[in-house]
Amino acid sequence: MSRKKTPASESSAPPSSAMWGGRFEGGPSAVMQEINASIGFDRRLYRQDIAGSRAHCHMLVAQKIISEADGKAIAAGLDTIEREIADGDFVFDPVLEDIHMHVEARLTQLIGEPAGRLHTARSRNDQVATDLRLWVRDAIAGLSGEIKTLQMALVGRAEEQADTVMPGFTHLQTAQPVTLGHHLLAYAEMLDRDHGRFRDCARRLNQSPLGAAALAGTSFPIDRDMTAAELGFDAPMANSLDAVSARDFAVEFLAAGSILGVHLSRLAEEIVLWSSDAFGFVTLPDAFSTGSSIMPQKRNPDAAELVRAKSGRVIGALTTLLVTLKGLPLAYAKDMQEDKEPVFDTADTLHLCLAALTGMIGGLGFNKGVMREAAGAGFATATDLADWLVREAGLPFRRAHEVTGRIVKLAESKNCRLEDLALEDMRSVEPGITADVFNVLSVEKSVASRRSYGGTAPENVRRAAAKFREKLTGENPK
């Protein structure tokens, strides 16, 4: 049955009291209708709401609470409504407040009296709690796939750049040489933990509130295990008060999203820095940069800057929900209507940021020569010299540290790099130094020596990338 431009509020009952107005003589004011309505955003729950209604209907029939004929009529009506909404043929009316009332009102238009039996043994309180859990579970599945896609982009570039030398920083000052592949895989590791947090959140939220009704359960002989199983939940929630009032699953989703947002922001910040003229490490792809309206030479990292900024938006969503919930007594309160927009906005924002960063990482041009030159600046192999003095000359590390500092000062005075100092100059500071010291002073030899587990050596990078690829795809490159 198709439906074109027919307001959902055209039911036989007065719009202001169609679902709950029996005790009221007058309807709500226009302002009350506006502040009370959530259909502007909770229409996104329609698939989950209809899925919950189907499961509830099947259970009511199985428990002989409603007739099989009424169950078939309800199921057919729900199928029609889902098609109408998906096809854009459904007209939403703020008078009907929320997605639940829209579905019920339209179902009444389609099948008449049997529609009124669907709400037996449930409330909008357990209904919306169920819908939101289903929606967050679906959102986690989508985000998890996108996290893996970004990880694969990082892994692919790390494999390409396993030997590329760049400066490693602490305090944004040159510290020690590292490989670009190692640097990129650090973000793949962060994203792996993000994926784990979302997975944990999905596991904890996967209990069904449906059947808790308003707050106290129901006197009808319902089968909550049946509805939980049909909706893919592990079990029904054990306490009806908790079932309708708990939103910690949404808080956990936003917390995991905030940590992910911070990780994405840090990666975006590195792209902003690396693409600047001061660094010159990377060239941005045209598809993820913009120009200036007045300066024709500019190539701006706008996509990366926006990812960096949007992390604040996600963190703000977490704060919003925490503040909303912190003073609420059990069980349901209308404040909880404010739980959805932060969740929806966070999911949308993270989808966009993940896609943007995946595109940027795939399209970055790496300026290897500039990175190599920068890696050798700032006496980046000083720690290698100190380690050599411990390992080969037998100095205690603190003494080796002091000697190295003096040699660095000497090189600085001669305006040269450590590897360009004459052996006699180094021996003037520490007579035990031999010509073998030059085997550790180049940046290539420095990174190659860092073979400890988790270190930056190219061979380590290749093994780590292969391990990631196998984990993410099941492909064993060997």
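Keep in mind it's a predicted model, so treat the numbers as computed, not measured. All chains use their own residue numbering, which begins from 1 and follows the written sequence. Restriction of local features to residues with pLDDT of at least 70 applies here, the model being predicted, together with a cutoff of 80 or more for giving and counting side-chain atom pairs; totals for whole chains, interfaces and linings are based on all residues. Neither water nor hydrogens contribute to the side-chain values; these are computed over all heavy atoms in the structure.

J.: Just to check I follow, could you spell out the packing of helix 7 (residues 180-205) against helix 10 (residues 248-274) for this structure?
T.: Helix packing for two helices is described by the angle between their axes and how far apart those axes are. Helix 10 packs onto helix 7 with a crossing angle of 170° between their chain directions and a minimal axis gap of 8 Å. Taken as axis vectors, helix 7 and helix 10 run roughly antiparallel relative to one another. Between helix 7 and helix 10 lies a crossing of left-handed hand. Across the contact of helix 7 with helix 10, the residue classes tally to 15 nonpolar, 3 polar and 7 charged. Axis definition: a line fitted to C-alpha atoms, limited for helices to the stretch in contact. Angles are taken between N-to-C directions and run from 0 to 180 degrees. Strands here are runs of E lasting at least two residues and helices are runs of H or I lasting at least four, both read from the DSSP assignment and numbered beginning at the N terminus. Note on terminology: angles under 35 degrees are roughly parallel, angles over 145 are roughly antiparallel, angles of 65 to 115 are roughly perpendicular, and the others are oblique. The crossing is said to be left-handed when, going from far helix to near helix, the turn is anticlockwise and less than a right angle, and right-handed when the turn is clockwise. In this classification, Asp, Glu, Lys and Arg are treated as charged, Ala, Val, Leu, Ile, Met, Phe, Trp, Tyr, Cys and Pro as nonpolar, and every other residue, Gly included, as polar.

J.: How do you make sense of the confidence of the model for the protein chain when you look at a structure like this?
T.: Per residue, pLDDT measures the predictor's confidence, with a range of 0 to 100. Summary statistics for the protein chain give a mean pLDDT of 91 and a share of 92% for residues scoring 70 or more. Contacts for the low-pLDDT stretch residues 1-17, under 50 throughout, to residues beyond four places or in other chains number 36 contacts. Contact between two residues is taken to exist if any of their heavy atoms lie within 4.5 Å; hydrogens are not considered.

J.: For this particular structure, what's the right way to read the side chain of Thr-349?
T.: Structurally, Thr-349 can be placed in helix 12 (residues 340-363). A 1.4 Å probe rolled over the protein chains alone gives each residue an accessible area, and that area as a share of the maximum for its type sets the label: buried under 20%, exposed over 50%, partly exposed in between. The class for Thr-349 is buried, based on a relative accessible area of 5%. Non-local contacts of Thr-349, meaning those with residues more than four positions away in its chain, are made with Lys-310, Arg-313 and Val-314.

J.: Help me out: how do you make sense of the packing of aromatic side chains in this one?
T.: Working definition: an aromatic ring pair is given by the centre-to-centre distance plus the angle between the planes. By convention, a stacked pair of Phe, Tyr or Trp rings (six-membered ring in the case of Trp) has centres within 6.5 Å and planes under 30 degrees apart, an edge-to-face pair has planes over 60 apart, and any other such pair is tilted. Using the criterion set out here, one finds 6 aromatic pairs in the structure. With a centroid separation of 6.4 Å and 50° between ring planes, the pair formed by Trp-274 and Phe-281 is classed as tilted. Given a relative accessible area of 2%, Phe-281 falls into the buried group. By the criterion adopted, a ring carries a charge over it if an Arg CZ or a Lys NZ lies within 6 Å of its centre and within 35 degrees of its normal. One residue, Arg-43, lies across the ring of Phe-92, its end atom 4.2 Å from the ring centre. Of note, Arg-44 hangs over the ring of Phe-344, and the distance from its end group to the ring centre comes to 4.9 Å.

J.: Whenever I open this one, the nonpolar core confuses me. Can you help?
T.: Nonpolar side chains tend to gather and get buried jointly when the protein is soluble and globular. What we call a nonpolar core is a set of buried Ala, Val, Leu, Ile, Met, Phe, Trp, Tyr and Cys residues that are connected through their side-chain atoms within 4.5 Å. In terms of nonpolar packing, the biggest core is built from 91 residues, with Val-136, Leu-154, Phe-198, Phe-253, Leu-264 and Leu-357 touching the most fellow members. Ranked by the residues each element gives to this core, the list is headed by helix 10, at 13 residues. With residues near it in sequence (within four places) discarded, Leu-154 still touches Leu-184, Tyr-187, Ala-188, Leu-191, Leu-267 and Ile-361.

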